[in-house]
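Now for the letters of each chain:
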Amino acid sequence: MKEFISILISFIFMGIAESIDSAFNNAISIDAIVVCGSLFSIDLILKSISEIGTYTYRTARKDESRYLIINTIISLILGIIVFLARDYIVNIFNLTQLQKEMLSDILILYIGYLILGRVVNSLFEMIRLKSRLKLYRNSLIVYYCTLIGLDAIVYFGTGNLKLLFCATMTSWIISIIYMLYNLKLEFKLPNKETIINVKKYGIPTALERLFSRIFILIYGVIASHMGTEKYSIHTVCYAICLNLELITNAYQATLMIKVPIEGSYEEQYKSIMEIKKKVFPLIILLNYVFAAIYLIIEHGSLPIDKCFPYIIFYTFGVFGLYQYESYKTLCITQGKPKILLLGSTIGSCVRVIICYLFYNTSIALFIFGIVNFLDFYIRSVIYRIELSKIKEQNL
């Protein structure tokens, strides 16, 4: 419980800081909200591939620098592709001409944005998995204080969305330097064992993330066809949901530290269930408290009353996420990424099909909210079914 509270405090701090960062973007204009929502959908997909080294490290737990280098190389390749294809990518979404031009301008920065973002995220996770929680907290403070400070200077000084993204990248550079200095990693090039581990653990997990996020992209594209006002409401509500995931992510991060990586299936399952029972009431309470806080911070140029009552349905997703993170951890510790792929594919398909059927109706925003719960709950059910087969084999 001590580790959970420590990580939870860090994640809550992250959520508030991310909301403030989003608030600066959203305060510029409704167009800026739409552009940031579209960029987020693109970034989610590329993140799933460019973090393949991090996915592998979650199971391997050694040779940090080798997996960091793999992330960097893949991010560079993907960033170049996006830069060259940016004028085609903007046409995926149903945007106005001004919004397309704004998104294209942001994608010019994407090579640096993708590389720096993936490196800093990888370092944060590696530090956390090594249980260096003091360094983890200090690194978060350095990053978010720098980010909010630079955001404020850019917003009040220029009000330029592109420069706000430059402020984010500058914050990442400062944080990377700070973490690398304190980690004192011995840099080694990837070797044969690294590649084998990537094939065994990283690629299946990356495929799971990729398919899931392709469907999230489709989810965003479908939402963009609801019109600018409804799409902006969806963007704000869904961004709040993603910030709220930091609470369940804190739970999952605790599981990754506390669950014995070399333990038997029974030992790992028992450990997860014990922690799950202890933290459930706190997670639900914090979900709704911070949903209100994030909404106040993030609504930007969108009137806050426009988000009601839709935000209630979007935040209901925590009840599915809580189950999902529990069984996802067991799949990771058991080295069964293919189960993650199966569950995510089915859950994401259900999300997209339902949204497509209802996007042009008067209840579209209610549906777009409730499918967050359905998606993750269906995944958890699939995980449980497949994991039960492993349990039977061990008897």
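Scroll up a little and you will see the structure.
Residues numbered from 1 in each chain as written. Predicted model: local features only at pLDDT ≥ 70, side-chain atom pairs only at ≥ 80, totals over all residues. Heavy atoms only, no water.

**Considerations on the overall build of the chain**
Along the chain, the regular secondary structure elements total 15 helices and zero strands. Going through the 395 residues of the chain one by one, you find that 56% of them count as buried. Taking the contacts inside the chain whose residues are at least 6 apart along the sequence as the reference set, 85% of them involve residues at least 24 apart. Summed over all atoms, the accessible surface of the chain reaches about 16300 Å², with 66% contributed by carbon and sulfur. Within the chain, one finds 37 positive and 28 negative side-chain charges whose respective centroids are separated by 6 Å. (Helix = DSSP H or I, 4+ residues; strand = E, 2+ residues; numbered from the N terminus. Buried < 20%, exposed > 50% of the residue type's maximum accessible area, 1.4 Å probe, protein only. Contact = heavy atoms within 4.5 Å. Areas by Shrake-Rupley, 256 points an atom, 1.4 Å probe, with all protein chains shown as cover. Lys, Arg positive; Asp, Glu negative; His and termini not counted. Charge placed at Lys NZ, Arg CZ, Asp CG, Glu CD.)

**Some remarks on the environment of Y201**
Counting through the fold element by element, Y201 comes out in helix α9 (residues 192-224). Along the sequence, Y201 and Y57 sit 144 residues apart, while their C-alpha atoms lie 8.7 Å from each other. Once residues within four sequence positions are removed from consideration, Y201 is found in contact with T56, T59, G335 and P337.

**Some remarks on the packing of aromatic side chains**
Tallying each qualifying case throughout the model produces 25 aromatic pairs. Relative to Y67, the ring of Y57 lies with its centre 6.5 Å away and its plane at 55°, an arrangement referred to as tilted. Taken as a pair, Y57 in helix α3 (residues 52-60) and Y67 in helix α4 (residues 64-89) lie far apart in primary sequence, ten residues in all. Consider the rings of Y324 and Y383, whose centres lie 5.9 Å apart with planes at 35°: the pair is tilted. (Phe/Tyr/Trp six-rings, centres within 6.5 Å; stacked < 30°, edge-to-face > 60°.)

**What about the pattern of salt bridges?**
Under the defined criterion, the tally for this structure stands at 13 salt bridges. Ionic pairing is found between D43 and R118, a salt bridge with its closest N-O pair at 3.4 Å. Here D43 is found in helix α2 (residues 30-50), whereas its partner R118 is found in helix α6 (residues 110-129), with 75 residues between them in sequence. Taken individually, D43 and R118 each receive the classification buried, so the pair is uniform in this respect. (Salt bridge = Lys/Arg side-chain N within 4 Å of Asp/Glu carboxyl O.)

**Observations regarding the nonpolar core**
Residues L103, L161, Y251, Y314 and L387 are the most contacted members of the largest nonpolar core, which totals 130 residues. Per element, the largest residue contribution to this core is 15 residues, and it comes from helix α10 (residues 228-258). Once you skip the residues sitting within four places of it in the chain, Y251 turns out to touch F4, I272, I275, K276, V279, I283, Y322, E325 and S326. (Core = buried A, V, L, I, M, F, W, Y, C linked by side-chain atoms within 4.5 Å.)

**Some points on the side chain of K276**
Inspection of the secondary structure assignment puts K276 in helix α11 (residues 265-298). Although K276 lies buried, it forms no salt bridge, and the closest oppositely charged side chain, E325, sits 12 Å away as judged by the N-O distance. One polar contact links K276 to Q323, side chain to side chain, over a distance of 3.0 Å. Look past the residues within four positions of K276 in its chain and what remains in contact with it is Y251, Y322, Q323, S326 and Y327. (Polar contact = N/O pair within 3.5 Å; in protein donor to acceptor, adjacent residues only side chain to side chain.)

**What to know about a nonpolar patch on the surface**
Residues I203, L207, F211, I214 and I218 make up a contiguous nonpolar surface patch of about 350 Å² in total accessible area. Locating L207 in the fold gives a position in helix α9. (Patch = residues over 30% accessible without salt bridge, like charges linked within 9 Å, V, L, I, M, F, W, Y side chains within 5 Å.)

**Observations concerning the side chain of E64**
Tracing the chain through its elements places E64 in helix α4. Polar side-chain contacts of E64 include one of 3.0 Å to the side chain of Y57. Excluding residues that lie within four positions of it along the chain, E64 makes contacts with Y57, M126, K130 and L185.

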